[in-house]
Amino acid sequence: MSAPVLSVRDLVVEFATSRGVAHAVNSVSFDLEPGERLGLVGESGSGKTTTALALMRLIRPPGRIVGGSVVIDGVDVIAAATAALRRLRGARIALVPQGAMNALNPVLTIATQFEDLFAAHGQPCTRARIAELLASVGLDPGVADRHPHELSGGMKQRVCIALAVALRPAVIVADEPTSALDVIVQKQVLRTLARVQRELGAAVVMVGHDMGLMAQFAHRVGVMYAGRLVELGDVRRIFADPRHPYTRMLIDSLPGFGQRGVFKGIPGVAPSLLAPPPGCPFHPRCPRAGAVCSAELPPPLDLPDGRIVRCHFAQEAADAA
Amino acid sequence: MLPYLLRRIGMAALVVFVAVSVNFMIPRLMPGDAVEQQLSAISAAGGQVGDIQAAAAALRERYGLDRPLLTQYLDYLGHAARLDLGVSIAHYPERVAEGVLASLPWTIGLLGTATLISFVVGTMLGGMLAWPGAPRALKVVALPLVVLSAVPYFMLGVVLLAIFGLAWPVLPVAGGFPFGHVPQADLQTTGLILYHAILPAASIVLASLGTWAVAMRGMLVGVLGEDHIMLAEAKGLSPRRIFFAYGMRNALLPQLTQLALKLGLLVSGAILVEVIFAYPGIGYRLYLAIGQKDLFVIQGIVLLLSISIALVMLLLDLLYPLIDPRVTTRQA
């Protein structure tokens, strides 16, 4: 294992609401190897997008990063001065946004939006460089002179990818980059993202809720539940042998051709982030829950295969398997 | 681009044509006969008009009101095309166009400047109010200005007049110009005009600044919540660049529409301010004309107003695509 390119420790994000403080992200820690593709999955409100945005300190009020560190190139993004933070953003850690439909400024040409990026980091920007970047995501150089409303959703998302890789960042944060696209375009865009990422050797943190898409894209998967990373490990190990009951139910809920017309879900609803249940936040919905689960928050357990699982019975499940 | 231009220009021409036509029809659709009314008013006041029927017929002939409506209409269109607005009734035989043109520079100078100043300052102020990184002191300064926008400008004018014209007489109280001074194209004249414009301009600027600021603030708060602002931040752009090119510029469109409408309405003058300060602009002239029931002057000013609105809207339509490129492709 080489030195991690991104190191996240005990990240905590809170949202101050009128009904109290919502704990959106709770002591999330992980490392990212160079060139690695990490997928963050979970249901809505599990804190996956908030985690991704916190990596770039893009949390907006009423959200607040309360604690933890995100270290890239030896600089802590969370504690950095704004000028230092600006130098990192876009150059060392870049964002491929959710909802590419509205992510580009509607009144500026694509070329101007590239020029802005280069100018912000004091780098020269030529037409040839823009054309080269557009070509790398499969777009015609003529796109540079277009405005966003003249492009399709897939094209806009490709432009966003080209913008993200323009300054050869070490880390790309992709926040549900394909959620607004149809399945055909989804595949194309993901393939493009994977290709430019490989060429660049950048690491990717991709947020999504589509387990199938994640299985194809990611090397490692982090499963989030109620603001916590409940299972993190190699994508094949996790799909073959999920250790957290939530992960298993998530994988089981993927529709297949086996029994048509039967949709398996996870019974119950996601817990309130304002007042999470005591102990393990999953215990009210968990089939395996015991007395200890409602009393104690399970600590992160390191399994021999390098996985980290937050479940009191992670070892036991391994014995049963 | 060309079809867009042609469509806009055609639209403006149509609007002017309709406005001119309506301006022709309204006085003729009004109940009663303007000529007979005027004559009976004169006779009631003790004037010698002799045979009312004969006098009315003579007057109708004089104004061409005895001819068929269509002939009158075509005649009127021809005159309007040459900006011939007829003669003033109260100041016969002064031509309406001459009088209006004499007042126009005063109004445009005073209101145009005041409107532009309050637009620029108010819009910037509103933008700063919506910007999270703005200095705190700014919000303290802005509050009274926003409150002032709830005060009608003529009230503000009266108050300013009472303070700076009467209680502490440092500024002139009336007119656009010192009485008895012969205007010349020199610095002294310019200075005197500006000196006289301070109070009326200040009352307009102070009263409208807050409106611009509040509108801009609302728009910009919406724009700053959009996804493209977050991507701009994620690209590491400077706050200044994000503020101007990604925030203000996107929020500006409704402000410009408002500005254009204000500028279009400008030729009707700010009647109350001009009356309070006895300022020799269009508004003051309109006020006098209404008092004197000078129909042709009122009609001429109304016509001027509709044409200027049409022209300003055309100008705006031509400027829109430069600010928001999405406009050209929309079918309007």
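About the criteria used
Residues numbered from 1 in each chain as written. Chains lettered and ligands numbered in written order. Predicted model: local features only at pLDDT ≥ 70, side-chain atom pairs only at ≥ 80, totals over all residues. Heavy atoms only, no water. Helix = DSSP H or I, 4+ residues; strand = E, 2+ residues; numbered from the N terminus. Contact = heavy atoms within 4.5 Å. Buried area = accessible area lost by both parts, 1.4 Å probe. Polar contact = N/O pair within 3.5 Å; in protein donor to acceptor, adjacent residues only side chain to side chain. Buried < 20%, exposed > 50% of the residue type's maximum accessible area, 1.4 Å probe, protein only. Disulfide = S-S within 2.5 Å. Expected span 1.5 Å × (residues − 1). Arc of directions from axis to C-beta. Axes fitted to C-alpha atoms, helices over the stretch in contact; angles between N-to-C directions. Left-handed = near helix turned anticlockwise from the far one by under 90°. Nonpolar A, V, L, I, M, F, W, Y, C, P; charged D, E, K, R; others polar. Salt bridge = Lys/Arg side-chain N within 4 Å of Asp/Glu carboxyl O.

S.K.: Residues and numbers for the environment of Ala234(B), please.
M.R.: Residue position: Ala234(B) is located in helix α9 (residues 227-234). Residues in contact with Ala234(B), not counting those within four places in the same chain, are Met56(A), Leu58(A), Arg89(A), Gly90(A), Ile93(A) and Leu95(A).

S.K.: Residues and numbers for the interface of chain B and chain A, please.
M.R.: Each partner contributes to the interface: chain B provides 25 residues, whereas chain A provides 29 residues. Taken over both partners, the interface formed by chain B and chain A buries close to 2,200 Å², and the fraction arising from carbon and sulfur atoms is 58%. Together, Met230(B), Leu231(B) and Lys235(B) form the three largest contributors to the area buried by chain B at its contact with chain A, with a combined 27%. On the surface where chain B and chain A come into contact, there are nine residue pairs in polar contact (both at pLDDT 80 or more). Going through the elements one at a time, α9, α10 (239-265) and α14 (326-329) of chain B are the ones with two or more residues in the side of chain B that touches chain A.

S.K.: Could you give an account of the side chain of His147(A), naming the residues involved and the relevant values?
M.R.: Inspection of the secondary structure assignment puts His147(A) in the loop between α4 (127-136) and α5 (153-165). With relative accessibility at 16%, the residue His147(A) sits in the buried group. Sequence-distant contacts of His147(A), that is, excluding residues within four places in its chain, are made with Pro106(A), Val107(A), Leu108(A), Thr109(A) and Pro325(B).

S.K.: Outline the state of the cysteines, supporting the account with residue identities and numerical values.
M.R.: All names here are of chain A. Enumeration over the complete set of coordinates arrives at zero disulfides over all chains. Distance from the sulfur of Cys-280, which forms no disulfide, to the nearest cysteine sulfur (Cys-293) is 5.9 Å. In this structure Cys-311 is a free cysteine whose sulfur lies 6.2 Å from that of Cys-286, the closest cysteine sulfur available. Cys-311 gets classed as buried once you look at its relative accessible area, which sits at 9%.

S.K.: Explain helix α4 (residues 69-81) of chain B residue by residue, including any values.
M.R.: Along an α-helix, a turn takes 3.6 residues, which lines up residues three or four apart on a common side. All names here are of chain B. Taking 1.5 Å of rise per residue, the 13 residues of α4 would be expected to cover 18 Å, and the 18 Å separating its terminal C-alpha atoms lies within 8% of that figure. What α4 keeps buried is the set Gln-72, Tyr-73, Tyr-76 and Ala-80. In a view along the axis of α4, the buried residues occupy a sector of 100 degrees, so they form one face of it. For α4, the exposed residues set more than 90 degrees away from the buried face come down to Leu-70, Leu-74 and Ala-81. Positive phi appears at Leu-83, one or two residues downstream of α4, with a value of about 55 degrees.

S.K.: Describe in detail the packing of helix α12 (residues 282-291) of chain B against helix α13 (residues 295-323) of chain B, supporting the description with residues and values.
M.R.: All names here are of chain B. Relative orientation of the contacting elements α12 and α13 amounts to 145 degrees, with a least axis distance of 9 Å. The way α12 lies across α13 gives a crossing that is left-handed. Facing α12, whose interface residues are Ile-282, Arg-285, Leu-286, Ala-289 and Ile-290, α13 presents Val-297, Ile-298, Ile-301 and Leu-304. Counted by class, the contact of α12 with α13 contains eight nonpolar, no polar and one charged residues.

S.K.: Which residues make up the pattern of salt bridges, and what values go with them?
M.R.: All names here are of chain A. Under the defined criterion, the tally for this structure stands at 19 salt bridges over all chains. Linking Arg-243 and Asp-241 is a salt bridge whose minimum nitrogen-to-oxygen distance equals 2.9 Å. The burial state of Arg-243 is the same as that of Asp-241; both residues are buried. Put simply, Asp-305 and Arg-307 hold a salt bridge, and the shortest N to O gap is 3.2 Å.

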